[in-house]
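One-letter residues, chain by chain:
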Amino acid sequence: MIKKYAVPAAAVLCGAIAAFLRTRELAEAYDEKGLPIAGSFLTIALAVFVLLFIAASVILTYVIKADKSGDGFMRLFSGTPAETVPTVFFGAAASVCGALIAISNAGGTVGEMIFGFGSLAAGLSMLVSELLITGKKNERAAALVSSAAAAYFTYAMAFTYSRYAANPSIMLYGWKCAAPGLAAIFFVYSAGYAFKKPAPKFTLVFGLLSIVLLILTAPETEGVPLALMHIFTALLIAGRLGRLMGSLNKN
């Protein structure tokens, strides 16, 4: 059990390291006008670290045995209670964060309200999907409910870009847009297993990248509930990837 979670756990650790580097970068690598300092060591170190992780993730998908993918969504993403209970908790925690985001955005612009209610819907979709997986009930329903989170993360990517596109720091909105975008792709590829369109290598690489970037962007995300939602989503994806990797490599 420990072995199959080694790679997702490493992604969580790398996300934490990247988040630390980003925190230091925000504190030290910008001038008094908020402009990035050219040639900052922290900016370069963070970019190199993330690019190395991306390269390692892509290489991993070529060397890992991931050919067994015909078992379907429920079988490949299921696990023991010790494995699924934590991800159910992460889904529940994401739902609570989503509710708090929806409440805080209730008096905002139309875009902010859509984002708020979308956060709640995404959290609930992850929770319900985990409960269906845990109970081994209705494979296609579990996949469809899970993939509903992809719609939210796609909107979150566009919403974030619209808010930060005028920011002079490419790093700022670049990472923040990529994080929900990659999460959206992960959930879409995950759902494919229920509809006879499995893509194990793509599921793995997009899952790993979304874990790192969701955690990386948490410290700079506005509002504690949204920052925590990033983290709980990353942990839920890590749990799913561990179960998937274990299922793909049983034989």
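Refer to the structure above for everything that follows.
What you see is a predicted model; the values in this text were computed from it and never measured.

Rules and cut-offs
- Residues numbered from 1 in each chain as written.
- Predicted model: local features only at pLDDT ≥ 70, side-chain atom pairs only at ≥ 80, totals over all residues.
- Heavy atoms only, no water.
- Helix = DSSP H or I, 4+ residues; strand = E, 2+ residues; numbered from the N terminus.
- Rg over C-alpha atoms; globule rule 2.2 N^0.38 Å.
- Areas by Shrake-Rupley, 256 points an atom, 1.4 Å probe, with all protein chains shown as cover.
- Salt bridge = Lys/Arg side-chain N within 4 Å of Asp/Glu carboxyl O.
- Buried < 20%, exposed > 50% of the residue type's maximum accessible area, 1.4 Å probe, protein only.
- Axes fitted to C-alpha atoms, helices over the stretch in contact; angles between N-to-C directions.
- Parallel < 35°, antiparallel > 145°, perpendicular 65-115°, else oblique.
- Left-handed = near helix turned anticlockwise from the far one by under 90°.
- Contact = heavy atoms within 4.5 Å.
- Nonpolar A, V, L, I, M, F, W, Y, C, P; charged D, E, K, R; others polar.
- Patch = residues over 30% accessible without salt bridge, like charges linked within 9 Å, V, L, I, M, F, W, Y side chains within 5 Å.
- Expected span 1.5 Å × (residues − 1).
- Phe/Tyr/Trp six-rings, centres within 6.5 Å; stacked < 30°, edge-to-face > 60°.
- 1 Å grid on protein atoms, 1.4 Å probe; cavity = no way out; pocket = protein on both sides within 12 Å on 5 of 7 lines; lining within 4 Å.
- Points joined across faces, edges and corners; volume = space filled by probe spheres on them.

## Considering the overall build of the protein chain
Okay, so step 1: Looking only at helices and strands, the protein chain features nine helices and zero strands.
Okay, so step 2: The C-alpha radius of gyration computed for the protein chain amounts to 18 Å, which stays within 12% of the reference 18 Å derived for 251 residues, consistent with globular compactness.
Okay, so step 3: Overall size of the protein chain, expressed as C-alpha extent along the three principal axes, is 55 × 45 × 30 Å.
Okay, so step 4: With the model as given, the accessible surface of the protein chain reaches about 11400 Å², and the carbon-plus-sulfur share is 72%.

## Thoughts on the pattern of salt bridges
Okay, so step 1: Taken as a whole, this structure holds seven salt bridges when the rule is applied.
Okay, so step 2: For Arg-24, the salt bridge goes to Glu-28, with nearest N and O atoms at 2.4 Å. Residue Arg-24 and its partner Glu-28 are located together in helix 1 (residues 6-28), separated by four residues, close to a single helical turn.
Okay, so step 3: Residue classification places Arg-24 among the partly exposed positions, given a relative accessible area of 30%.
Okay, so step 4: Here Arg-163 ties to Glu-222 by a salt bridge, and the two come within 3.3 Å at their closest N and O atoms. With Arg-163 in helix 6 (residues 139-164) and Glu-222 in the loop between helix 8 (200-217) and helix 9 (224-248), this residue pair connects regions lying 59 residues apart in the sequence.
Okay, so step 5: Assessed through its relative accessible area of 44%, Arg-163 is described here as partly exposed.
Okay, so step 6: Within the structure, one salt-bridge network assembled from shared partners comprises Arg-22, Glu-25 and Glu-220.

## Some details on the packing of helix 1 against helix 2 (residues 41-63)
Okay, so step 1: With their axes 9 Å apart at the nearest point, helix 1 and helix 2 run at an angle of 165 degrees to one another. Relative to helix 2, helix 1 is oriented roughly antiparallel. The element helix 1 and its partner helix 2 pack so that their crossing is left-handed. Between helix 1, through Val-7, Ala-11, Cys-14, Ile-17, Ala-18, Leu-21, Arg-22, Arg-24, Glu-25 and Glu-28, and helix 2, the contact on the second element is made entirely by Leu-42, Thr-43, Ala-45, Leu-46, Phe-49, Phe-53 and Leu-60.

## A look at the packing of helix 5 (residues 110-134) against helix 6
Okay, so step 1: For the pair helix 5 and helix 6, the least separation of the axes is 8 Å and the interaxial angle reads 155 degrees. On the basis of the axis angle, helix 5 is roughly antiparallel to helix 6. The two elements helix 5 and helix 6 meet at a crossing, and its hand is left-handed.
Okay, so step 2: Taken together, the residues of the contact of helix 5 with helix 6 sort by class into 16 nonpolar, six polar and one charged.

## Thoughts on a nonpolar patch on the surface
Okay, so step 1: The grouping of Leu-51, Ile-54, Val-58, Ile-59, Tyr-62 and Val-63 at the surface amounts to a nonpolar patch, some 610 Å² of accessible area in total.
Okay, so step 2: As for its position among the elements, Ile-59 is in helix 2.
Okay, so step 3: Take Ile-59: its relative accessible area is 51%, and that puts it in the exposed class.

## Things to note about helix 2
Okay, so step 1: Over its 23 residues, helix 2 runs 32 Å from end to end, which matches the ideal 33 Å to within 8%, given 1.5 Å per residue.
Okay, so step 2: Buried within helix 2 are the following residues: Leu-42, Thr-43, Ala-45, Leu-46, Val-50, Phe-53, Ser-57 and Thr-61.

## Some points on the side chain of Thr-84
Okay, so step 1: Mapped onto the elements, Thr-84 comes out in helix 4 (residues 81-104).
Okay, so step 2: Overall, the relative accessible area of 1% leaves Thr-84 in the buried class.

## Things to note about helix 8
Okay, so step 1: An ideal rise of 1.5 Å per residue puts 26 Å on 18 residues; helix 8 measures up with 26 Å between its terminal C-alpha atoms.
Okay, so step 2: When you tally the buried positions in helix 8, you get 16 out of 18 residues, the bulk of the element.

## With respect to the packing of aromatic side chains
Okay, so step 1: According to the stated counting rule, one finds 14 aromatic pairs in the structure shown.
Okay, so step 2: Among the aromatic residues, ring-to-ring pairing joins Phe-115, Tyr-152, Phe-153, Tyr-155, Phe-159, Phe-186 and Phe-187 into one connected group.

## What about the layout of surface pockets?
Okay, so step 1: Considered as a void within the structure, the largest pocket measures approximately 350 Å³ in volume.
Okay, so step 2: Looking at the largest pocket, it is lined by 23 residues, and the ones nearest its centre are Phe-115, Arg-163, Thr-221, Glu-222 and Leu-226.
Okay, so step 3: Those elements that provide at least two residues to the lining of the largest pocket are helix 4, helix 5, helix 6, helix 7 (170-191) and helix 9.
Okay, so step 4: At seven residues, helix 6 tops the list of elements feeding residues into the lining of the largest pocket.

## A short note on the environment of Tyr-30
Okay, so step 1: Relative to the assigned elements, Tyr-30 resides in the loop between helix 1 and helix 2.
Okay, so step 2: A relative accessible area of 16% means that Tyr-30 is categorised as buried.
Okay, so step 3: C-alpha of Tyr-30 to C-alpha of Ser-40: the two residues are ten residues apart in sequence and 8.7 Å apart in space.

Worth remembering: the numbers are spatial, not functional.
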